[in-house]
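Spelled out, the chains give:
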Amino acid sequence: MLKNYISENKDRFVNELMDMLRIPSVSADPKFKADVLRTAEFVKQKLEDAGAENVELCETAGYPIVYGEKIVDPALPTVLVYGHYDVQPADPYELWHSPPFEPVIKNEKIYARGACDDKGQMYMHVKAFETMMQHNALPCNVKFMIEGEEEVGSSNLGTFVKNNLDRLRADVILISDTGMLGNDTPSITSGLRGMSYVEVEITGPNRDLHSGSYGGAVANPINILCQMIASLHDENNHITIPGFYDNVEELSEEERQEMGRAPFDLDKYKQSLALSDVHGEKGYTTRERVSIRPTLDVNGIWGGYTGDGAKTVIASKAYAKISMRLVPNQSSEEITEKFTKHFMSIAPPSVQVLVKPHHGGEPVVTPTNSVAYQAASRAYEEAFGIKPVPVRSGGSIPIVAMFKSVLGIDSVLMGFGLDTDAIHSPNESFGLFNFLKGIETIPLFYQYYTEMSKSN
């Protein structure tokens, strides 16, 4: 019955998603402020249309949080759905095959910024809720909390959660902001890495200098910055910050072998990225490097003259943005402190160093023996016809650890995206199959979670 409704309304569901994707809700760039607010209004209206009650835009110090609920019976379990309506910047625009905010469907995929992360996946929950409401098939209570600042660190979400403990009271948090191994190999994310994100600034002379007059006598901040960054890894791609690995969780050989059972084709992986070979920490497989090991990556670097033609200058300043992905037992605050101390210590006296911490988040591992995980597993198995594999994700959703510490609730991470969806990159996409299959799978989770909670 529900599958028929989804099939009959699939074109409308897709068109509504494309309408939302046309709104450039880039939270990182103030010039898109009106568009971010417009997207919040869009989500609010669609929740109301779907049958949610007490829907409102909850003001924060930044962008509003869209809240809505449907309380069937206070005695029944309550699912708190989390998602976000903001998106990453679309730069560099010239690498997109079609404009990032003019969604197109090609090869059974929707191409647009936010198609998968997270508008497409968040909107699956709105349409799954609508489907259940249309058939009087919502088996338990549901609350929605959709924010607009996930892509800039969710800096105001914690305050909102702490100020609304009663309103957000629930039994489990349901999130679709992750991926799965493949359409023929569904998986459930059972762990996420944490994050420490910093920006560094290197200052040399008090102004840009003529490289002919001063080159060789004055420290070049760009050269120095590159040398400092290069020193952060050794020949084995091991991070050289003292104490960086002190608290890293080391998995047993048995656990690593169990992880290795998940299907992975290294040749296809390299081919999909146009790589001649992979790269990473010695002693670990590619899948381990992107899930159970911490990393340090430069996300942006700039300074000096980058316009057309030549300008022979020694820049006064050079900058870089650096992110460190963290694994269980590492603390984002502690790692930020260790990075700052080390980075300043390796700078030569000819330059000044400033480290600006940005957002951080803690790593988390979710239990695979919980009622919520088992309900999600049964839902995937029924929808896809195969039991899903538990996997640890390389990405970070800092609020998952915050939800656990503040609300005392575990999350279940039911992602439907694929590695090929190019989230955060040009030509981001989301498969029509995945979007519609998500809408089909989510009601099954509600059904099994309610049934298993009663019997537990």
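None of the values given here were measured: they were computed from a predicted structure.

Cis geometry is found at the peptide bond from Asp-91 to Pro-92, where omega equals -5°. Relative to the elements of secondary structure, Pro-92 occurs in the loop between β3 (78-84) and β4 (104-106). Between Asp-117 and the following residue, Asp-118, the backbone shows a cis peptide bond with an omega angle of -5°. As for its placement among the helices and strands, Asp-118 is situated in the loop between β5 (109-111) and α3 (119-134). Positive phi values are uncommon outside glycine, yet Asn-136 reaches one of about 50°. Within the element layout of this structure, Asn-136 appears in the loop between α3 and β6 (141-147). Judged by relative accessible area, which is 75%, Asn-136 ranks as exposed. For His-424, which is not glycine, the phi dihedral falls at a positive 70°.

This part covers the environment of Glu-334. For Glu-334, the location among the structural elements is in helix α10 (residues 332-345). Overall, the relative accessible area of 29% leaves Glu-334 in the partly exposed class. In the structure, Glu-334 is positioned 91 residues away from Gly-243 in sequence and 9.8 Å away in space, judged by C-alpha atoms. Polar contacts involving the side chain of Glu-334 include one to the side chain of Asn-247, which spans 3.4 Å.

Topologically, Thr-295 is positioned in strand β11 (residues 295-303). Take Thr-295: its relative accessible area is 17%, and that puts it in the buried class. With residues up to four places along the chain from it excluded, the contact list for Thr-295 reads Arg-193, Ile-239, Phe-244, Arg-289, Ser-323, Met-324 and Arg-325.

To continue, consider the environment of Leu-17. Here Leu-17 is to be found in helix α1 (residues 2-21). Excluding anything up to four places from it in sequence, Leu-17 contacts Ile-110, Lys-119, Gly-120, Tyr-123 and Phe-435.

Turning to the sheet that holds strand β18 (residues 429-431), a few remarks are in order. Read across the sheet, three strands follow the order β4-β5-β18 without closing on themselves; strand pairing throughout is antiparallel. On the outer flanks of this sheet lie β4 and β18, each paired with one strand and no other. The average undirected angle you get between the axes of adjacent strands in this sheet is 30°. Across three bridges, β4 lies against β5 in antiparallel orientation. When the bridges of β5 are listed, Val-104 appears paired with Tyr-111. Across the sheet, α1 is in contact with β4 and β5; its angle to β5 comes to roughly 20°. The sheet contacts of helix α13 (residues 432-455) involve β4, β5 and β18, and relative to β18 the element is tilted by about 60°.

Pairing between sheet strands relies on hydrogen bonds along the backbone, with the strands arranged either parallel or antiparallel. Within the open sheet, the four strands sit side by side as β11-β13-β9-β14. Their pairing is antiparallel. Both outer strands of the open sheet, β11 and β14 (352-361), are each paired with one neighbouring strand and no more. Ignoring strand direction, the axes of neighbouring strands in this sheet form an average angle of 15°. Pairing of β11 with strand β13 (residues 317-326) involves eight bridges; the strand directions are antiparallel. Its bridge partner lying in β13, Asp-297 is registered against Ser-323. Each of β9 (194-203), β11, β13 and β14 is contacted by helix α6 (residues 221-230), which is oriented at about 15° to β13, the strand it contacts most.

Here is a general trend for soluble globular proteins: nonpolar side chains tend to be buried in one another's company. Counting 67 residues, the largest nonpolar core has Val-79, Tyr-85, Leu-174, Phe-435, Phe-445 and Tyr-446 as the members making the most contacts within it. Among all residues touching Phe-435, those that are not within four sequence positions of it are Phe-13, Val-14, Leu-17, Gly-120, Tyr-123, Met-124 and Phe-430. Of all hydrophobic cores here, the second largest spans 28 residues; its members include Ile-229, Ile-239, Met-324 and Val-351.

Another aspect to go through is the pattern of salt bridges. Counted by the stated rule, this structure contains 24 salt bridges. Here Lys-356 and Glu-201 are joined by a salt bridge, their closest N and O atoms 3.8 Å apart. Residue Lys-356 is found in strand β14, and its partner Glu-201 is found in strand β9; the two are separated by 155 residues along the sequence. Overall, the relative accessible area of 14% leaves Glu-201 in the buried class. Across the salt bridge formed by Lys-437 and Glu-440, the nearest N and O atoms sit 3.4 Å from each other. With a gap of three residues between them, Lys-437 and Glu-440 both fall in helix α13, about one helical turn apart. The exposure class assigned to Lys-437 is buried, which follows from its relative accessible area of 13%. Residue classification places Glu-440 among the buried residues on the basis of a relative accessible area of 16%. Among the charged side chains, a salt-bridge network with shared partners connects Arg-12, Glu-16, Lys-127 and Glu-130.

If you trace the backbone, Ser-323 turns up in strand β13. Separated by 110 residues in sequence, Ser-323 and Ser-213 have C-alpha atoms that sit 36 Å apart. Once residues lying within four places of it in the same chain are set aside, the contact partners of Ser-323 are Met-195, Ser-196, Tyr-197, Thr-295, Leu-296, Asp-297 and Asn-299. One polar contact links Ser-323 to Asn-299, side chain to side chain, over a distance of 2.8 Å.

What counts as what
- Residue numbers restart at each chain and count upward from 1, following the sequence in its written direction.
- Only residues with pLDDT of at least 70 are given local features in this predicted model, and only at 80 or more are side-chain atom pairs given and counted; all residues enter the totals for whole chains, interfaces and linings.
- Values shown for side chains rest on all heavy atoms present in the structure; no hydrogens or waters enter the calculation.
- Numbering of helices and strands starts at the N terminus; helices are DSSP runs of H or I of at least 4 residues and strands are runs of E of at least 2.
- Accessible area is worked out with a 1.4 Å probe on protein chains only. A residue is then buried under 20% of its type maximum, exposed over 50%, and partly exposed in between.
- N or O atoms closer than or at 3.5 Å make up a polar contact, with two conditions inside protein: a donor-capable atom paired with an acceptor-capable one, and, for residues adjacent in sequence, both atoms drawn from side chains.
- Residues count as neighbours in contact if any of their non-hydrogen atoms are within 4.5 Å of one another.
- A pair of strands counts as paired when DSSP detects no fewer than two bridges linking them.
- Note on method: axes are straight lines fitted to C-alpha atoms, helices fitted across the in-contact stretch only, with angles between N-to-C directions ranging 0 to 180 degrees.
- Among buried residues, the Ala, Val, Leu, Ile, Met, Phe, Trp, Tyr and Cys ones that are joined through side-chain atoms within 4.5 Å form a nonpolar core.
- Throughout this description, the term salt bridge denotes a Lys or Arg side-chain nitrogen within 4 Å of a carboxyl oxygen of Asp or Glu.

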